Amino acid sequence: MKRGGLVLFSIMGLLLAWGVLEFPGLGDPSSPASSHLSPYYIQHSLTDTAVPNMVTAVLADYRGYDTMFETIVIFTAAIVCIFLLRTFKPPASRYRMYRHMATGITLRIEKGGKTPDDSEHFERIDSVWVPHDLVIRTTCRMVIPFIQVFALYVIAHGHHSPGGGFQGGVILGASVVLFAVCFDLRRTIRYLGEKMCALLCALGVLIYAGTGILCMGLQSNFLDYSALAGLFGTDPVMARSHGILIVEIGVGMAVMAVMVMLYYNLASAGRHDEGL
Amino acid sequence: MEIFQIWVLPRLNYLIYIFLMLLGLYGMLVKRNYMKKVIGLNILQTAIILFFISTAAKIGATIPIIANHEHHGSHAAVNAVQYINPLPHVLMLTAIVVAVATLGVALAMVIRIYQLFSTIEEDQVLLQLRRETLVADAKESFHD
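Since the model is a prediction, treat every value here as computed from it, not as a measurement. All chains use their own residue numbering, which begins from 1 and follows the written sequence. Just so you know, chain letters begin at A and ligand numbers begin at 1, following the order they were written in. For this predicted model, a pLDDT threshold of at least 70 governs which residues receive local features, and a threshold of 80 or more governs which side-chain atom pairs are given and counted, while totals over whole chains, interfaces and linings are taken from all residues. To get the side-chain values, take all heavy atoms of the structure and skip hydrogens and water.

Draft legend 1. Summary view of helix H4 (residues 64-85) of chain A. Helix length check: H4(A), at 22 residues, gives a terminal C-alpha distance of 32 Å against a target of 32 Å (1.5 Å per residue), a fit within 8%. Buried, partly exposed and exposed residues are distinguished by accessible area as a fraction of the type maximum, computed with a 1.4 Å probe on protein chains only: under 20%, between the cut-offs, and over 50%, respectively. A helix here means a DSSP run of H or I that spans at least four residues, while a strand means a run of E at least two residues long, and both kinds are numbered starting from the N terminus. Restricting attention to buried positions, one finds in H4(A) the residues Gly64(A), Thr67(A), Met68(A), Glu70(A), Thr71(A), Ile74(A), Ala77(A), Ala78(A), Cys81(A) and Leu85(A). The contact rule is simple, with two residues in contact once any of their heavy atoms fall within 4.5 Å. Those residues of H4(A) that are buried lie in contact with helix H3 (54-62), helix H6 (165-182), helix H8 (194-217) and helix H10 (236-267) of chain A together with helix H4 (86-117) of chain B. Every helix has an expected span of 1.5 Å times one less than the residues it contains.

Here it is, written out as structure tokens:
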């Protein structure tokens, strides 16, 4: 198998390398990839949509239909992850670990034992022992708000600078994951629950598809944001810019919720009680 | 040597992506550990993303964000040579997110396999499956 694979892939590599030598070189401005469709986008995106960032314009406007289904793909991935992993059964015979916060003494309480529910003095910790680290927690406390503000900036300013819903959503999701890594999963779920994530995820897709249907309701094509001009009180070109923003917010919400939900389920193998 | 200068050097990036892609494919097909297969899948996706991004490059061009635009209504001509191709960036932007989604689903499947078989080695999983079918067949023939 190993040798066969090596032989197969070296033949394939040689064939591909032979084919690649016919390609235009790196950075050739007259390469076929940059000479048919993309000049239209480059020349017209600003006048069509009033969005200087062509990537955002193409993503959410010209190829809006594609992006909608990309959002649905990641939504589906989150749902698949839940269906594959999520369990509500408590683990059969497990012990729980608690830490006395003042002294740092850890308690191991077997199943059936009395657990300290006085959370003022004891905190539950993961059974794979994690040391209490003040430096990590304090740093995360300081950094996470800035990460989240930056994420919102990336979503909202995607028209004028590199950014948009996908990027901002991932950064926002990463901040939640960072919180879960430096504190623990239970506390993260207390702040941003599973239901909340599922709602945000569905709401993001709904905002996207709803914008498209709203355009249809205003007697235009699906996702043709210029139909929203009357709603925003602007001209059709600016309406497309605003429509892109709405759609990007929806994408950002969906992506953030999907990332968080994937993390919750993968980190705890669907049990949502403990995990890195 | 001249061939190298004229033909290979401007296309060296493509050769690197071919190597990466084949590395990923090799990992997916030959490695017996599911985790390594998932890593191979990700390397493959990364190679394809890099390939698409490199087709967007233009010498002497800048990022596809129109600079110094007057706020809306200006119809200054934009020269396509000044900006790199935005289309591969758009496609790969969504591809990266979809790659993360597929990675999540793949990891979920690996975790599920581990829960069911307590191993993520393909050989042992297949062995267990074969044993189960053997037992089931034996039971069936016993009932007959």
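Past the structure itself, the notes keep going.
Draft legend 2. Broad picture of the nonpolar core. Within this scheme, the nonpolar core is defined by two criteria: the residues are buried Ala, Val, Leu, Ile, Met, Phe, Trp, Tyr or Cys, and they are joined through side-chain atoms within 4.5 Å. Within the largest apolar cluster, 52 residues are counted, with the highest numbers of intra-cluster contacts made by Tyr225(A) and Tyr264(A). Within the residue set of this core, elements represented by two or more residues are H3, H4, H6, helix H7 (185-191), H8 and H10 of chain A together with H4 of chain B. Ranked by the residues each element gives to this core, the list is headed by H10(A), at 15 residues. With sequence-adjacent residues up to four places away left out, Tyr264(A) is seen in contact with Val176(A), Leu185(A), Thr188(A), Ile189(A), Leu192(A), Cys197(A) and His272(A). Judged by nonpolar contacts, the second largest core, of 12 residues, contains Tyr14(B), Ile18(B), Tyr26(B) and Ala47(B).

Draft legend 3. Spatial organisation of the pairing of strand E2 (residues 106-109) of chain A. Residue and element names in this part refer to chain A. Two strands qualify as a pair provided DSSP detects at least 2 bridges between them. Across four bridges, the pairing between strand E1 (residues 96-100) and E2 is antiparallel. Its bridge partner lying in E2, Tyr 98 is registered against Leu 107. Hairpin connection between E1 and E2: a loop of five residues separates the two successive antiparallel strands, and Gly 104 in this loop has a positive phi of roughly 80 degrees.

Draft legend 4. Spatial organisation of helix H5 (residues 134-156) of chain A. All names here are of chain A. Counted at 1.5 Å a residue, the expected span for H5 with its 23 residues is 33 Å, and the 34 Å between its end C-alpha atoms agrees. Here the bend at a residue is taken as the angle between two axes, fitted respectively to the seven residues that end there and the seven that start there. Maximal helix bending in H5 amounts to about 30 degrees, located at Val 143; proline Pro 145 follows within four positions. Every buried residue of H5 is accounted for by Arg 137, Cys 140, Ile 144, Ala 151, Val 154 and Ile 155. Buried positions along H5 lie against strand E3 (122-125), H6, H7 and H10.

Draft legend 5. Highlighting unusual backbone geometry. Even without glycine at this site, Ala269(A) takes up a positive phi of about 55 degrees. With respect to the helices and strands, the residue Ala269(A) is situated in the segment after H10. Phi at Ser118(B) takes a positive value of approximately 45 degrees, unusual for a residue other than glycine. Among the secondary structure elements, Ser118(B) is positioned in the loop between H4 and helix H5 (122-143). The class for Ser118(B) is exposed, based on a relative accessible area of 55%.

Draft legend 6. Layout of the interface of chain A and chain B. Listed as interface residues are 59 residues of chain A and, on the opposing side, 55 residues of chain B. Throughout, the accessible surface (probe 1.4 Å) given up by two parts as they are put together, summed over both, is called the buried area. Taken together, both faces of the contact between chain A and chain B bury some 5100 Å²; the carbon and sulfur share is 79%. By the criterion of area lost to chain B, the three top residues of chain A are Phe9(A), Leu26(A) and Ile42(A), representing 13% of everything that side buries. N or O atoms within 3.5 Å of each other form a polar contact, as long as, within protein, one can give a hydrogen and the other can take it, and as long as residues adjacent in sequence are counted only when both atoms are side-chain atoms. Joining chain A to chain B, the criterion identifies 10 residue pairs in polar contact (both at pLDDT 80 or more). Of all the elements in the fold, those that place two or more residues in the side of chain A that touches chain B are helix H1 (2-20), helix H2 (38-49), H3, H4, H6 and H10 of chain A. The element best represented in the side of chain A that touches chain B is H1(A), accounting for nine residues. Its residues assigned to classes, the side of chain A that touches chain B shows 40 nonpolar, 14 polar and five charged. Only Asp, Glu, Lys and Arg are considered charged, only Ala, Val, Leu, Ile, Met, Phe, Trp, Tyr, Cys and Pro nonpolar, and every remaining residue, Gly among them, polar.

Draft legend 7. Summary view of the state of the cysteines. When the sulfur atoms of two cysteines come within 2.5 Å, that pair is taken as a disulfide. Counting across every chain of the model gives zero disulfides over all chains. No disulfide involves Cys197(A); its sulfur sits 8.2 Å from the nearest other cysteine sulfur, which is in Cys201(A).

Draft legend 8. Fine view of the environment of Val90(B). Note that Val90(B) resides in helix H4. A C-alpha to C-alpha distance of 9.6 Å links Val90(B) and Ile53(B), two positions 37 residues apart in sequence. Sequence-distant contacts of Val90(B), that is, excluding residues within four places in its chain, are made with Val55(A), Val58(A), Leu59(A) and Arg63(A).

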